[in-house]
Amino acid sequence: AGTLGDAAAGSGRYFGTAVAAGRLGDATYATVLDREFKMVTPENEMKWDTVEPSRGSFNFAPADAIVNHATAHGQRMRGHTLVWHSQLPNWVNAIGDANTLRTVMNNHITTEMNHYKGKIYAWDVVNEAFADGGSGQHRPSVFQNLLGNGFIEEAFRTARSTDASAKLCYNDYSIENWTDAKTQGVYRMVKDFKSRGVPIDCVGFQSHFGAGGPPASLRTTLANFAALGVDVQLTELDIAQASPTAYTATVQACLDVPRCTGITVWGIRDSDSWRTGENPLLFDNNGNKKPAYSATLATLGGG
Ligand code: G3I
């Protein structure tokens, strides 16, 4: 297979990218997108500040443009993201009582999921709820502060009752190194959810790596989470300076774990990346394949 998407499909996996609606009209961008990728994650367009900028007023136009493009090109979608402390409009942060926030959170989940029902392979239901550092606990947020630890469970239960077909994922960064407290905190949560029947289907490992590439324990981490009975995915992969060796190690870790069902890179060309100046992606600013592309394709079994 000569493309990332076809090569990954050879082992039953997907290879995807983050997409920005504003770039779909760029011919180079769209050409590479539609040639190489079979899964699409909106980079910003499904986030709360875009979708529900004021209470009860929903704007799906930017995300619809991406979904329509994906549908027209046979690409599946990851929904990103329903409940997140960032890119959250001020009106949500200003809510002062738990009952109002609970109503607002559940209405947001239900309305957005219903709009895209049948079109989303997996939703990042809750994003980045755990704190950095050594606590292994949730980070402060309006959701955590007003609703307590149970807000994550409530979000997943609401999501399942809204769309029983979409896979429901927890997504976070810096949970790739097995021994880190943050990784262990998320692991304990997933184990608890599975033991109590809280609906969770998958864990997304964002995989924003430095120039050294993934932690040596990445495969162990993916395997240990998979052993809890969830799929795992690399959801926002980018690596500072994009060394072929680092991309190879990352992709191989996923291939080594049967329940690692796919990999998404966080953008197409280096110039599309949020990591300005780090050249972390698989295509250069002109849309040409970089050495990391060839390494990734070969590791997937293509070429
Ligand atoms: O659209 C506005 C534009 O109207 C305005 O003029 C301009 C001025 O700042 O900002 C534009 O919004 C920017 C938006 O990207 C769209 O380009 C925001 O400022 C900017 O903060 C936002 O950055 C995004 C970031 O999430 C915000 O948290 C990045 O594109 C996006 O790649 C990044 O993605 C996150 C994942 O969702 C979660 N995991 C981490 C990852 C990287 O931070």
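Everything in this summary refers to the structure shown in the same document. Here the structure is a predicted model, which means the values were calculated and not measured.

Conventions and cut-offs
Residues numbered from 1 in each chain as written. Predicted model: local features only at pLDDT ≥ 70, side-chain atom pairs only at ≥ 80, totals over all residues. Heavy atoms only, no water. Near = heavy atom within 4 Å. Polar contact = N/O pair within 3.5 Å; in protein donor to acceptor, adjacent residues only side chain to side chain. Areas by Shrake-Rupley, 256 points an atom, 1.4 Å probe, with all protein chains shown as cover. Nonpolar A, V, L, I, M, F, W, Y, C, P; charged D, E, K, R; others polar. Salt bridge = Lys/Arg side-chain N within 4 Å of Asp/Glu carboxyl O. Helix = DSSP H or I, 4+ residues; strand = E, 2+ residues; numbered from the N terminus. Buried < 20%, exposed > 50% of the residue type's maximum accessible area, 1.4 Å probe, protein only.

In the vicinity of the ligand, 13 residues are found, and the nearest of them are Glu-43, Lys-47, His-80, Glu-128 and Glu-236. Take Asn-44: an N or O atom from its side chain is 3.0 Å from an oxygen atom of the ligand. In the model, a nitrogen atom of the ligand is placed 2.7 Å from a nitrogen or oxygen of the Glu-236 side chain. Expressed as a share of its isolated accessible area of 790 Å², the protein-covered part of the ligand is 44%. For the shell around the ligand, a count of residues per class yields 3 nonpolar, 6 polar and 4 charged.

Turning our attention to the pattern of salt bridges. Counting across every chain of the model gives 18 salt bridges. The closest approach of N and O atoms between Lys-182 and Asp-172, which form a salt bridge, is 3.4 Å. In this pair, Lys-182 sits in helix H9 (residues 181-196) while Asp-172 sits in strand E5 (residues 167-172), placing the two residues 10 residues apart along the sequence. A salt bridge links Asp-256 to Arg-219, with the nearest nitrogen and oxygen atoms 3.3 Å apart. One end of the pair, Asp-256, is in the loop between helix H11 (244-255) and strand E9 (260-265); the other, Arg-219, is in helix H10 (residues 218-226), with 37 residues separating them in the sequence. Here Asp-256 falls in the partly exposed class, since its relative accessible area comes to 32%. Accessibility expressed as a relative area gives 46% for Arg-219, which makes it partly exposed. One connected set of salt bridges, linked through shared partners, spans Arg-23, Asp-26, Arg-269 and Asp-272.

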